[in-house]
Amino acid sequence: MSEVLYEGKSKIVCKSDRDDAYIINYKDTATAGNGAKKEDLEGKGKLNAEISNIIFKYLEENGVKTHLIEVIDDITVLVKKAEIILVEVIVRNIAAGSFSKKYGVPEGTALKNVIVEYSFKSDEYGDPLINDQQITAIGLATQNELDNMAAQALKVNELLSALFLKAGIKLIDFKLEFGRAGGEILLCDEISPDSCRFWDAKTNEKLDKDRFRRDLGDVLAGYRDVLSRLKTNEER
Ligand code: TMP
């Protein structure tokens, strides 16, 4: 492996032989509760890499600028160097997870409008919810950058909700990360069952990391299902 620059909970960022690019390796490690629960799930890295690569290519084809340059192997991608903005953008279509808990809205409740919310990306402080004024006040991002990220997140939501619906999957919510590169804001990180909630459209079976967070049984069976349905979509 090339020189490691940063090791995160589920990915490793390495130097590449290009000045403008990094290599990212997907790991098999699954974590929840800010690392309180941690396990190696053999094959998770490969599944997430493949799912995320299909999604990023689809988004690029539909006008979303992403960091993905090329797929190197099963668990490795070459990406544009970007300065990660420490704001996680969360989009919700249906109530679930922390939203349901915090506001007493039962999981599965349809929302009257799409929600965009922000978290401060910080393991030390446990990714707390943060609002526009707090973000600009402490200099995590400018209002222009936030407006850009929110608009891109809504576009991603429209594109992915349609893509997954074709695959018989409801996109409940998801988290995006963005980075600054050459005066642009690029979609970075990954989009996978680790960072989204995917429910079977007919049965509401959970096909995402909630299987791990909540001990619902074979975690990767859900991930494999998401991947195979995306591939069936591609073949249509
Ligand atoms: P939440 O309901 O726990 O706030 O999560 C909302 C969505 O964002 C869910 O699809 C999981 C994803 N998410 C991450 O991928 N990483 C995170 O650190 C957080 C807080 C959420």
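So, here is what we can say about the structure in this document. A quick note: this is a predicted structure, and the numbers were derived from the prediction, not measured. (Residues numbered from 1 in each chain as written. Predicted model: local features only at pLDDT ≥ 70, side-chain atom pairs only at ≥ 80, totals over all residues. Heavy atoms only, no water.)

**Some words on the site of the ligand**
As a matter of local geometry, the ligand sits amid 15 residues, with R92, S98, D127, D173 and R197 nearest to it. Between the ligand and D127, the relevant distance is 3.1 Å, taken from an oxygen atom to a side-chain nitrogen or oxygen of the residue. Interatomic distance of 2.9 Å between a side-chain N/O atom of R197 and an oxygen atom of the ligand. In isolation the ligand exposes 450 Å². Once the protein is present, 81% of that is buried. For the shell around the ligand, the elements supplying multiple residues, two or more each, are β9 (87–94), α2 (97–103), β12 (169–181) and β14 (196–200). Among the residues forming the shell around the ligand, the class breakdown is four nonpolar, three polar and eight charged. (Near = heavy atom within 4 Å. Polar contact = N/O pair within 3.5 Å; in protein donor to acceptor, adjacent residues only side chain to side chain. Areas by Shrake-Rupley, 256 points an atom, 1.4 Å probe, with all protein chains shown as cover. Helix = DSSP H or I, 4+ residues; strand = E, 2+ residues; numbered from the N terminus. Nonpolar A, V, L, I, M, F, W, Y, C, P; charged D, E, K, R; others polar.)

**As for the packing of aromatic side chains**
Following the criterion strictly, the structure yields three aromatic pairs and no others. On the numbers, 5.0 Å between centres and 55° between planes, the contact of F99 with Y103 is tilted. Here the residue F99 and the residue Y103 both occupy positions in helix α2, the gap between them amounting to four residues, near one helical turn. A ring pair is formed by F120 and Y125, whose centres lie 6.4 Å apart and whose planes are at 20°; its orientation type is stacked. Note on F120: relative accessible area 19%, which makes it buried. Under the relative-accessibility criterion, Y125 is labelled exposed at 55%. Sitting over the face of the ring of Y26, K11 holds its NZ or CZ atom 5.7 Å from the ring centroid. K37 extends its terminal NZ or CZ atom over the ring of F212, reaching a point 4.5 Å from the ring centre. (Phe/Tyr/Trp six-rings, centres within 6.5 Å; stacked < 30°, edge-to-face > 60°. Buried < 20%, exposed > 50% of the residue type's maximum accessible area, 1.4 Å probe, protein only. Lys NZ or Arg CZ within 6 Å of the ring centre and 35° of its normal.)

**Observations regarding the layout of surface pockets**
As a volume, the second largest pocket reaches approximately 240 Å³. Considering the residues around the second largest pocket, the lining is formed by E50, N53, I54, K57, Y58, E61, L163, K166, L230, K231, N233 and E234. Per-element accounting of the lining of the second largest pocket gives the leading share, six residues, to helix α1 (residues 44–61). Tallied by class, the residues present in the lining of the second largest pocket amount to four nonpolar, two polar and six charged. (1 Å grid on protein atoms, 1.4 Å probe; cavity = no way out; pocket = protein on both sides within 12 Å on 5 of 7 lines; lining within 4 Å. Points joined across faces, edges and corners; volume = space filled by probe spheres on them.)

**With respect to the packing of helix α4 (residues 143–166) against helix α6 (residues 219–235)**
At a minimum axis separation of 9 Å, α4 and α6 run at an interaxial angle of 90°. Considering the angle they form, α4 stands roughly perpendicular to α6. Together, L163, F164 and K166 of α4 and V226, L230 and N233 of α6 make up the contact between the two elements. The class makeup of the residues in the contact of α4 with α6 is four nonpolar, one polar and one charged. (Axes fitted to C-alpha atoms, helices over the stretch in contact; angles between N-to-C directions. Parallel < 35°, antiparallel > 145°, perpendicular 65-115°, else oblique. Contact = heavy atoms within 4.5 Å.)

**Some thoughts on the pairing of strand β2 (residues 11–15)**
Regular strands place their side chains on alternate faces of the sheet. Judged by how many residues are buried, β2 sits mostly within the fold: four of five residues are covered. One ladder, built from three bridges, connects strand β1 (residues 4–7) with β2; its direction is antiparallel. Bridging across to β2, Y6 finds its partner in V13. The pairing of β2 with strand β3 (residues 21–26) spans five bridges and is classified as antiparallel. Within β3, the residue paired with C14 across the bridge is I23. (Pairing = 2+ DSSP bridges.)

**Considerations on the nonpolar core**
Counting 55 residues, the largest nonpolar core has L59, L160 and I191 as its most contacted members. The biggest single contributor to this core is α4, with nine residues. Excluding anything up to four places from it in sequence, I191 contacts I51, S52, I55, F56, L59, V156, L160, L176 and C196. Core analysis: the next-biggest nonpolar cluster, separate from the first, contains five residues, C14, A21, I23 and L78 among them. (Core = buried A, V, L, I, M, F, W, Y, C linked by side-chain atoms within 4.5 Å.)

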